[in-house]
Protein chains: 2
Amino acid sequence: MNKIVTIGREFGSGGRELGRRLAEELGAAYYDKEIVSEIAKRTELSEQYVQSIVERKPVVLYPIHVGRSFYPALDTVAEQNAAIYARQHEIIREMADRSDCVIVGRCADFILRDKDPLRLFVYADMPSKIARCRQKAPEGEARYSDRKLARMIKKIDAERAHYYYFYTGRKWGDPLNFDVCVNTTQQEIKALAKAIARLCD
Amino acid sequence: MNKIVTIGREFGSGGRELGRRLAEELGAAYYDKEIVSEIAKRTELSEQYVQSIVERKPVVLYPIHVGRSFYPALDTVAEQNAAIYARQHEIIREMADRSDCVIVGRCADFILRDKDPLRLFVYADMPSKIARCRQKAPEGEARYSDRKLARMIKKIDAERAHYYYFYTGRKWGDPLNFDVCVNTTQQEIKALAKAIARLCD
């Protein structure tokens, strides 16, 4: 069976960088935005549009896991969201079948739960997350106040939590849904990736 | 500087076994009940008595970190608790100065925070914790119902949380107080210890 690592992460925690470096260390494929591109290809929707839906608050209010058949999709937007999630599900499973891989976000821990992935969660304290966001932000956002960045970070994580709950019925970031949780506060991601890679041997 | 690992753990999560095996892997000293014996020696109290106080709910209601000088100890029992904590503090720092070591519980993560320890937290889901407790329990307790064991586990963890908060002012088990949190649900501790040891290289 392929070696699969899934990464859940708080916004600004460096989870994406950790995933990329971990994949390098392991000689595994790395999937993050590639998933969006692939969905766009298969659905003929624009990447920008798919990105705006993936991991954002879903439009319909009824969780997909609770008797979905009782709640038919309410409109075409909701139908499109469901179709995109279905494509994502299919693509993530294909990717996991293809080779060793590291997959960031997108409920991959849940979607691949029968494949026994190493499920990581990456988190950090707010000052570190603000500092990381500022470092990586486009010029405009980099000038935001700490307060504004903190608000933005919380909003994005709330959307991820909502998305995760909607499709999995689980609480986002609950340590029991992960094998190992890693605190990146004041840590250098590069060194951390090397250490974490050793967990996968 | 010595390599120091501190382990916080939920009752029944196998944190103690993980600590012991980790110390073996690292060739480091392992301290757990040894701390109690050492306190007993230095205070001339019985080990049993010290054990009954260490990591249990403290008697005084005022947290030690909040303006302790405003609240003189209320009685001799409270004074004894404070004296035992002070001895424990002193012993843990001596142990950390002596050699590489793994220290389980007893606020060691907080007491040694200036020595940059690797701070682990070990947790598991309730069914695993119940199963581990039953396996290790004395014959009488092993026959307890799941419900009774779950109640016992929750009570012990609540006492640890209270103790931790009392002496550190921090929330027990908060992931931000740890570098790595490890889920032992359905994991073999021996294999896990080998993997975690690699994080310490």
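Everything quoted here is computed from the prediction, not taken from an experiment.

Visitor: Kindly report on the interface of chain A and chain B, identifying the contributing residues and their values.
Guide: Bring the parts together and some accessible area is lost; that lost area is often taken as the interface size. The interface is formed by 19 residues belonging to chain A together with 19 residues belonging to chain B. Both faces combined, the contact of chain A with chain B buries some 1400 Å², and carbon together with sulfur accounts for 57% of it. Applying the counting rule to chain A against chain B returns zero salt bridges. Linking chain A with chain B are 12 residue pairs in polar contact (both at pLDDT 80 or more). Looking at the side of chain A that touches chain B, the elements that each hand over two or more residues are strand 4 (118-123), strand 5 (180-183) and helix 9 (189-199) of chain A. Its residues assigned to classes, the side of chain A that touches chain B shows 11 nonpolar, three polar and five charged. Of the strand pairs in this sheet, strand 5 of chain A and strand 5 (residues 180-183) of chain B are connected by three bridges, and their pairing is antiparallel. In the sheet register, C181(A) faces strand 5 of chain B, and the bridge partner there is C181(B).

Visitor: So what about the packing of aromatic side chains? Which residues, and what values?
Guide: Throughout the structure, instances matching the rule amount to 12 aromatic pairs over all chains. An angle of 65 degrees between the planes, with centres 6.4 Å apart, marks the rings of Y85(B) and Y163(B) as edge-to-face. Placement of Y85(B) in helix 4 (residues 76-98) and of Y163(B) in helix 8 (residues 146-168) is noted, with a sequence separation of 78 residues between them. Both residues of the pair, Y85(B) and Y163(B), count as buried. Plain terms: the ring middles of F121(B) and F178(B) are 4.9 Å apart, the flat faces sit at 40 degrees to each other, and that makes the pair tilted. You can see F121(B) sitting in strand 4 (residues 118-123) and its partner F178(B) sitting in the loop between helix 8 and strand 5, a full 57 residues away along the chain. Both residues of the pair, F121(B) and F178(B), belong to the buried class. One aromatic cluster is present, formed by Y85(A), Y163(A), F166(A) and Y167(A) through successive ring pairs.

Visitor: Can you break down the sheet that holds strand 3 (residues 101-104) of chain B residue by residue, with the values?
Guide: Here we have 10 strands laid out as an open sheet, ordered 2(A)-3(A)-1(A)-4(A)-5(A)-5(B)-4(B)-1(B)-3(B)-2(B), and mixed in their pairing. A strand with exactly one partner marks an edge of an open sheet, and here the two such strands are strand 2 (29-31) of chain A together with strand 2 (29-31) of chain B. Shown here is a sheet whose adjacent strand axes are inclined to one another by a mean of 20 degrees, direction ignored. The pairing of strand 2 of chain B with strand 3 of chain B spans three bridges and is parallel. Looking across to strand 3 of chain B, one finds that Y30(B) is bridged to V102(B).

Visitor: So what's going on with the relation of the copies chain A and chain B? Residues and values would help.
Guide: Overlay of chain A on chain B (RMSD 0.0 Å): rotation 180 degrees, translation along the axis 0.0 Å. The transformation just described matches what one would write down for a two-fold rotation axis. Among all residues of chain A, the one whose C-alpha sits closest to the rotation axis is C181(A), at a distance of 2.5 Å. Most of the interface of chain A is mirrored in chain B, where 100% of its interface residues are also at the interface.

Visitor: With reference to specific residues and values, describe helix 8 (residues 146-168) of chain A.
Guide: Residues and elements named next belong to chain A. Taking 1.5 Å as the rise per residue, helix 8 with 23 residues should run 33 Å; its terminal C-alpha atoms sit 32 Å apart, in good agreement. Regarding helix 8, the residues found buried are L149, A150, I153, I156, D157, E159, R160, Y163, Y164, F166, Y167 and T168. Following helix 8 by one or two positions, G169 has its phi on the positive side, about 75 degrees.

Visitor: I'd like a rundown of the side chain of T184(B), residues and numbers included.
Guide: Residues and elements named next belong to chain B. Along the polypeptide, T184 turns up in the loop between strand 5 and helix 9 (189-199). Looking at T184, the relative accessible area reads 0%, which means it is buried. Ignoring anything within four residues of it in the chain, the contact list for T184 reads S13, V122, Y123, A124, R132, I189 and L192.

Visitor: A description of the pattern of salt bridges should follow, citing residues and the corresponding values.
Guide: Considering all chains together, one arrives at 30 salt bridges over all chains under this definition. A salt bridge links R16(A) to D32(A); its shortest N-O distance comes to 2.8 Å. Of this pair, R16(A) sits in helix 1 (residues 15-26) while D32(A) sits in the loop between strand 2 and helix 2 (33-43), placing them 16 residues apart in sequence. D157(B) is paired through a salt bridge with R160(B); the nearest N and O atoms lie 3.8 Å apart. Here D157(B) and its partner R160(B) are both found in helix 8, three residues apart, which amounts to about one turn of the helix. Neither residue differs from the other here; D157(B) and R160(B) are each classed as buried. What you see here is one network of salt bridges that share partners, running through R16(A), D32(A) and R106(A).

Cut-off values and rules
Residues numbered from 1 in each chain as written. Chains lettered and ligands numbered in written order. Predicted model: local features only at pLDDT ≥ 70, side-chain atom pairs only at ≥ 80, totals over all residues. Heavy atoms only, no water. Contact = heavy atoms within 4.5 Å. Buried area = accessible area lost by both parts, 1.4 Å probe. Salt bridge = Lys/Arg side-chain N within 4 Å of Asp/Glu carboxyl O. Polar contact = N/O pair within 3.5 Å; in protein donor to acceptor, adjacent residues only side chain to side chain. Helix = DSSP H or I, 4+ residues; strand = E, 2+ residues; numbered from the N terminus. Nonpolar A, V, L, I, M, F, W, Y, C, P; charged D, E, K, R; others polar. Pairing = 2+ DSSP bridges. Phe/Tyr/Trp six-rings, centres within 6.5 Å; stacked < 30°, edge-to-face > 60°. Buried < 20%, exposed > 50% of the residue type's maximum accessible area, 1.4 Å probe, protein only. Axes fitted to C-alpha atoms, helices over the stretch in contact; angles between N-to-C directions. Least-squares fit on C-alpha atoms with pLDDT ≥ 70 in both. Expected span 1.5 Å × (residues − 1).

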